[in-house]
Amino acid sequence: MSAKNFSEKFIKEFFSNNFRKGYVHKKNLIPDSQEIMSIEILSDVLSIRDYWTNKNFKMVLDRKSISYSEFSSIFLEHSTSVLRPDVDKVQNFISGGASLVLSEVEKLNANLYKITDEIQSFTNGKCQGNLYFSMESRQAFGPHCDDHDVFAIHFEGEKVWNIYENIETNPI
């Protein structure tokens, strides 16, 4: 992975042409993206079981949240019973079309942390990395708007993004 993910040229153009004005789409913006996130790296991140809770590990199927208890099991950690995501249950939901939604994933991956740190530096704002993983052409969310700025970095597979002119009244 390169030392800097965003060129000075991109940053300058972004602030001149797009910041708070509209969206920008750049193919292959980040070189060596397979070194940052891939199925193998995602598997490693998911294996850090004691990090995941009902606050940062969610699943969605056909635009409806799946209860944390449905894809979790009780594990013994430091003599305490703790509810954590269960790999087999999670895989079953994913096989059935569910999407995985992970918050603050940059804390578990140095390369993702570098990206969030760069974005935080050039925007002077808080930045966190959320990861969305879907299969089988399923949507986790319907049309919506975010109540914050979003840098969506697509690492693997295909996704059709619909960007609308009008502001949706359904922020998430």
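Before any of the text, the structure's been laid out above.
A. Region of interest: a nonpolar patch on the surface. A cluster of nonpolar residues, Tyr-23, Trp-161 and Ile-163, forms a patch on the protein surface that exposes about 390 Å² of accessible area. With respect to the element layout, Trp-161 can be found in the segment after strand S6 (131-133). Take Trp-161: its relative accessible area is 51%, and that puts it in the exposed class.

B. Here's a closer look at the nonpolar core. If you look at the biggest cluster of nonpolar residues, it comprises 31 residues, and the most contacted ones within it are Phe-6, Phe-57, Met-59 and Leu-100. Taken together, the elements giving at least two residues each to this core come down to helix H1 (8-17), helix H2 (39-46), strand S1 (57-61), helix H3 (87-95), strand S5 (99-102), helix H4 (110-123) and S6. Examining the composition of this core, we find that four residues originate from one element, H4, more than from any other. Contact partners of Met-59, with chain neighbours within four places excluded, come to Lys-64, Ser-65, Ile-66, Phe-71, Val-90, Phe-93, Ile-94, Ala-98, Ser-99 and Leu-100.

C. Spotlight on the packing of aromatic side chains. By the definition in use, this model includes eight aromatic pairs. A centroid spacing of 6.1 Å and a plane angle of 90° characterise the contact between Phe-15 and Phe-122, whose relative ring orientation is edge-to-face. Of the two residues, Phe-15 is situated in helix H1 and Phe-122 in helix H4; the sequence distance between them amounts to 107 residues. Residue Phe-15 is classed as partly exposed on the basis of its relative accessible area, which comes to 29%. One aromatic cluster in this structure is built from Tyr-51, Trp-52, Phe-57, Tyr-68 and Phe-71. One cation-aromatic arrangement involves Arg-49 over Phe-75; the distance from NZ or CZ to the ring centre is 3.9 Å.

D. Spatial organisation of the sheet that holds S1. Here we have four strands laid out as an open sheet, ordered S2-S1-S5-S6, and antiparallel in their pairing. Each having just a single partner strand, strand S2 (64-66) and S6 make up the two edges of the open sheet. Neighbour-to-neighbour, the strand axes of the sheet open up by a mean angle of 30°, direction not taken into account. For S1 and S5, the ladder comprises four bridges, and the chain directions are antiparallel. Residue pairing across strands places Val-60 opposite Ser-99, the latter belonging to S5. Along the sheet face, H3 touches S1, S2, S5 and S6 and points at about 30° away from the line of S1.

E. Expanded view of H2. Taken as a whole, H2 has its buried residues at Ile-41, Leu-42 and Val-45. Buried residues of H2 fall within an arc of 100° about the axis and therefore sit on the same side. Facing away from the buried surface of H2 by more than 90 degrees, the exposed residues are Glu-40 and Asp-44. As for H2, its buried residues are in contact with S5 and S6.

F. Molecular detail of the pairing of strand S4 (residues 80-85). In the sheet, strand S3 (residues 72-77) pairs with S4 via six bridges, with the strands oriented antiparallel. By the bridge assignment for S4, Ile-74 is matched with Leu-83.

About the criteria used
Residues numbered from 1 in each chain as written. Predicted model: local features only at pLDDT ≥ 70, side-chain atom pairs only at ≥ 80, totals over all residues. Heavy atoms only, no water. Patch = residues over 30% accessible without salt bridge, like charges linked within 9 Å, V, L, I, M, F, W, Y side chains within 5 Å. Areas by Shrake-Rupley, 256 points an atom, 1.4 Å probe, with all protein chains shown as cover. Salt bridge = Lys/Arg side-chain N within 4 Å of Asp/Glu carboxyl O. Helix = DSSP H or I, 4+ residues; strand = E, 2+ residues; numbered from the N terminus. Buried < 20%, exposed > 50% of the residue type's maximum accessible area, 1.4 Å probe, protein only. Core = buried A, V, L, I, M, F, W, Y, C linked by side-chain atoms within 4.5 Å. Contact = heavy atoms within 4.5 Å. Phe/Tyr/Trp six-rings, centres within 6.5 Å; stacked < 30°, edge-to-face > 60°. Lys NZ or Arg CZ within 6 Å of the ring centre and 35° of its normal. Pairing = 2+ DSSP bridges. Axes fitted to C-alpha atoms, helices over the stretch in contact; angles between N-to-C directions. Arc of directions from axis to C-beta.

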